[in-house]
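Structure at a glance
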Amino acid sequence: MSRLSFLDAAFLQMESPDAPMHVAGLQIYEPPENYDGDFLQDLIAEFSKAGQVVPPFNQRLAYPTVKLFNRMPYWETDPEFDLNYHVRFAALPRPGTMDQLFTLIERLHSRQLDQTRPLWESYCIEGLEGGRIALYMKMHHSVVDGVSGMKMMAQMLSTDPN
């Protein structure tokens, strides 16, 4: 059990439909030259080989039941964690333009995260012109800030071109 800091708990308290408290990143990838296959599906298959989902990705908010001093929330492992809920797919009408992608991202970003589940969502988006794909991920600010989010992404990605 790991309690949230006062600052992280404040991000939960400040959230409203008009001011969602999540941070996000959008990454655009193009398939390697002369790629033979379905780049997005092959990438997802590689992600699937990563194994068990680890904290903070499998943790949800919980609140103490005893109200002695405060009800500071804490993180607990979600016993009903469902990766399919958190990793979603979308497609732009081919050939998708950057304007169409940004319109989709605006809609996805404007929605609050479900606080009964781990506080993140990821979208695999296909259909961009040139065979490109986009990955959009949002996480609640109580889980990650922008800098640590970038570090997390760097750890997930490979510098090996193969």
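In the block above lies the structure referred to throughout.
From a predicted model like this one, the values you see are computed outputs, not experimental measurements.

**Here we look at the nonpolar core**
- Membership of the largest hydrophobic core is limited to eleven residues, which are Ala90, Leu92, Leu101, Leu104, Ile105, Leu108, Tyr123, Ile125, Leu128, Ala134 and Tyr136.
- The element best represented in this core is helix H4 (residues 98-110), accounting for four residues.
- If sequence neighbours within four positions are ignored, Tyr123 has contacts with Arg88, Leu108, Arg111, Ala134, Leu135 and Tyr136.
- Grouped together as the second largest cluster of nonpolar side chains are seven residues, Trp120, Met137, Met152 and Met153 included.

**With respect to the sheet that holds strand S4 (residues 74-77)**
- The strand order S1-S4-S3 describes an open sheet built from three strands, whose pairing is antiparallel. Only two strands of the sheet have a single partner each, and these edge strands are strand S1 (2-3) and strand S3 (59-62).
- As paired strands, S3 and S4 are joined by four bridges and run antiparallel to one another. Looking across to S4, one finds that Gln59 is bridged to Thr77.

**Describing a nonpolar patch on the surface**
- Taken together, the side chains of Leu26, Ile28 and Phe102 present a nonpolar region at the surface, about 220 Å² in accessible area.
- Relative to the elements of secondary structure, Phe102 occurs in helix H4.
- Since its relative accessible area comes to 40%, Phe102 is described here as partly exposed.

**Looking at the pattern of salt bridges**
- As enumerated under the stated definition, the model contains eight salt bridges in all.
- When the shortest N-O distance is used, the salt bridge between Asp78 and Arg60 registers 3.4 Å. Separated by 18 residues along the polypeptide, Asp78 in the loop between S4 and helix H3 (83-86) and Arg60 in strand S3 bring together distant segments of the chain.
- Here Arg111 and Glu121 are joined by a salt bridge, their closest N and O atoms 3.5 Å apart.

**Focus on the packing of aromatic side chains**
- Taken as a whole, this structure holds three aromatic pairs when the rule is applied.
- Where Tyr123 meets Tyr136, the ring centres are 6.1 Å apart and the plane angle is 35°; that geometry is what we call tilted. Residue Tyr123 is found in strand S6 (residues 120-128), and its partner Tyr136 is found in strand S7 (residues 132-140); the two are separated by 13 residues along the sequence. A single burial state applies to Tyr123 and to Tyr136, both of which are buried.
- A cation sits over an aromatic face here: Arg88 above Tyr85, 4.5 Å from the ring centre.
- Over the ring of Tyr85 we find Arg117; its NZ or CZ atom is 3.7 Å from the centre of that ring.

Thresholds, definitions, all that
Residues numbered from 1 in each chain as written. Predicted model: local features only at pLDDT ≥ 70, side-chain atom pairs only at ≥ 80, totals over all residues. Heavy atoms only, no water. Core = buried A, V, L, I, M, F, W, Y, C linked by side-chain atoms within 4.5 Å. Buried < 20%, exposed > 50% of the residue type's maximum accessible area, 1.4 Å probe, protein only. Helix = DSSP H or I, 4+ residues; strand = E, 2+ residues; numbered from the N terminus. Contact = heavy atoms within 4.5 Å. Pairing = 2+ DSSP bridges. Patch = residues over 30% accessible without salt bridge, like charges linked within 9 Å, V, L, I, M, F, W, Y side chains within 5 Å. Areas by Shrake-Rupley, 256 points an atom, 1.4 Å probe, with all protein chains shown as cover. Salt bridge = Lys/Arg side-chain N within 4 Å of Asp/Glu carboxyl O. Phe/Tyr/Trp six-rings, centres within 6.5 Å; stacked < 30°, edge-to-face > 60°. Lys NZ or Arg CZ within 6 Å of the ring centre and 35° of its normal.

Keep in mind these values describe shape, not function.
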